[in-house]
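Each chain, written out:
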Amino acid sequence: LLGSTRTEGPPRPANVGARVGAFITSELRDRGHHVDVVDPIREEIPLLVKPHFAYAAGKAPENLERLFAIFKAANAIVAVTPEYNHSPSPALLNIMNHFGASVFAFKPSAIVSYSQGQWGGTRAAHALRPALSELGCLPVSAMVHFPKAHEVLDETGLPVGGAEAQDRWKGYAARTFAQLEWWGTAARNHRSLEDPAVGSPALATTPSQRNAP
């Protein structure tokens, strides 16, 4: 799940997130996973007016129905965010906010952040944790950060600096992916034994359903 709608600079290049997304996608596919890339530039999701869950079943706009199917089928989520004013990407949060927690719940997530500065979006990454947790898509402890992403990754998402640099980045990201795989496999296997919605049903009407007595 990519988080940038930037197509114009400065700073340049404008959409560094495409490079980060390409690296993450390539690494996950190399590990044998099917990856669906959700890019807000391609999806053109408007600012939130009516979320998917506010429509009658099957009556939401086509793009929302398609994304609903992707998120529902996923065993894990990887959220890729730039840092804007110490915060996660509005485009990323906008897509997430279009769907109810039941779409994301009982699945793990991993956070990947980047910036063109030296901190690699770490403040945005930490600020994204509560949002993913509220959706029930609990983030693993390890994260992947890309400081000066426009310099360390080329236009195809390949780490700059030859085989040695590529091995370093692959090894660095592997820790996060290993955690995501462990929890994703555990959650998928347990869902086959027990429907989590039985003990923790999705909200059907209003948030007051989870109020204390």
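Note that the coordinates shown come from a computational prediction; the quantities given were computed from them, not determined experimentally.

Visitor: How should I be thinking about the side chain of serine 89 in this particular structure?
Guide: By secondary structure assignment, the location of serine 89 is in the loop between β1 (77-82) and α4 (90-97). Here the side chain of serine 89 touches leucine 92 through a polar contact of 3.2 Å, landing on its backbone nitrogen. When sequence neighbours within four positions are dropped, the list of residues in contact with serine 89 reads Gly3, Ser4, Thr81, Pro82 and Tyr84.

Visitor: Would you explain the nonpolar core in this entry?
Guide: Soluble, globular proteins show a tendency: their nonpolar side chains are buried together. In terms of nonpolar packing, the biggest core is built from 23 residues, with Leu1, Phe71, Ile95, Met96, Phe99, Phe104 and Leu128 touching the most fellow members. When contributions to this core are tallied by element, the ones reaching two or more residues are α3 (62-73), β1, α4, α5 (101-104) and α6 (122-134). Sequence-distant contacts of phenylalanine 99, that is, excluding residues within four places in its chain, are made with His52, Phe53, Leu64, Leu67, Phe68, Phe71, Phe104 and Leu135. Leu2, Val20, Tyr114 and Val140 belong to the second-largest nonpolar core, a separate cluster that totals 22 residues.

Visitor: Whenever I open this one, the sheet that holds strand β3 (residues 144-146) confuses me. Can you help?
Guide: Either a parallel or an antiparallel arrangement is found when strands of a sheet pair, and the pairing is made through backbone hydrogen bonds. With parallel pairing, three strands are arranged side by side in an open sheet as β1-β2-β3. Strand pairing shows two members of the sheet lacking a second neighbour, β1 and β3, which therefore form its edges. Averaged over all pairs of adjacent strands, the angle between strand axes in this sheet comes to 15°, irrespective of strand direction. Direction of pairing for strand β2 (residues 109-114) relative to β3: parallel, over a ladder of three bridges. Opposite serine 113, over in β3, you have histidine 145 as the bridge partner. Lying on the sheet, helix α8 (residues 162-193) is in contact with β1, β2 and β3; it crosses β3 at an angle near 145°.

Visitor: Just checking my understanding: could you explain the packing of aromatic side chains for this structure?
Guide: Per the stated rule, a full pass over the model turns up six aromatic pairs. With centroids separated by 5.0 Å and ring planes inclined at 40°, the aromatic side chains of phenylalanine 71 and phenylalanine 104 adopt a geometry described as tilted. Here the residue phenylalanine 71 occupies a position in helix α3, and phenylalanine 104 occupies one in helix α5, the gap between them amounting to 33 residues. Considered together, phenylalanine 71 and phenylalanine 104 belong to a single accessibility category, that of buried residues. Plain terms: the ring middles of phenylalanine 146 and tryptophan 169 are 4.6 Å apart, the flat faces sit at 10° to each other, and that makes the pair stacked. Here phenylalanine 146 is found in strand β3, whereas its partner tryptophan 169 is found in helix α8, with 23 residues between them in sequence. Across the pair, exposure class does not vary: phenylalanine 146 and tryptophan 169 are buried alike. The ring of tyrosine 55 carries the charged tip of lysine 50 above its face, separated from the ring centre by 4.3 Å.

Visitor: I keep staring at the layout of surface pockets and nothing clicks. Help me out?
Guide: Where empty space is left becomes clear once a probe the size of a water molecule has been rolled over the atoms. Within this model, the largest pocket holds a volume of roughly 950 Å³. Every residue lining the largest pocket is counted, 31 residues in all, and those nearest its centre are Gly100, Ala101, Ser102, Ala202 and Leu203. Residue assignment for the lining of the largest pocket shows that the elements contributing at least two residues are α3, α4, α5 and α9 (196-199). Tallying contributions element by element places α5 first for the lining of the largest pocket, with three residues. Looking at the lining of the largest pocket, its residues break down into 17 nonpolar, eight polar and six charged.

Procedures and definitions
- Residues numbered from 1 in each chain as written.
- Predicted model: local features only at pLDDT ≥ 70, side-chain atom pairs only at ≥ 80, totals over all residues.
- Heavy atoms only, no water.
- Helix = DSSP H or I, 4+ residues; strand = E, 2+ residues; numbered from the N terminus.
- Polar contact = N/O pair within 3.5 Å; in protein donor to acceptor, adjacent residues only side chain to side chain.
- Contact = heavy atoms within 4.5 Å.
- Core = buried A, V, L, I, M, F, W, Y, C linked by side-chain atoms within 4.5 Å.
- Buried < 20%, exposed > 50% of the residue type's maximum accessible area, 1.4 Å probe, protein only.
- Pairing = 2+ DSSP bridges.
- Axes fitted to C-alpha atoms, helices over the stretch in contact; angles between N-to-C directions.
- Phe/Tyr/Trp six-rings, centres within 6.5 Å; stacked < 30°, edge-to-face > 60°.
- Lys NZ or Arg CZ within 6 Å of the ring centre and 35° of its normal.
- 1 Å grid on protein atoms, 1.4 Å probe; cavity = no way out; pocket = protein on both sides within 12 Å on 5 of 7 lines; lining within 4 Å.
- Points joined across faces, edges and corners; volume = space filled by probe spheres on them.
- Nonpolar A, V, L, I, M, F, W, Y, C, P; charged D, E, K, R; others polar.

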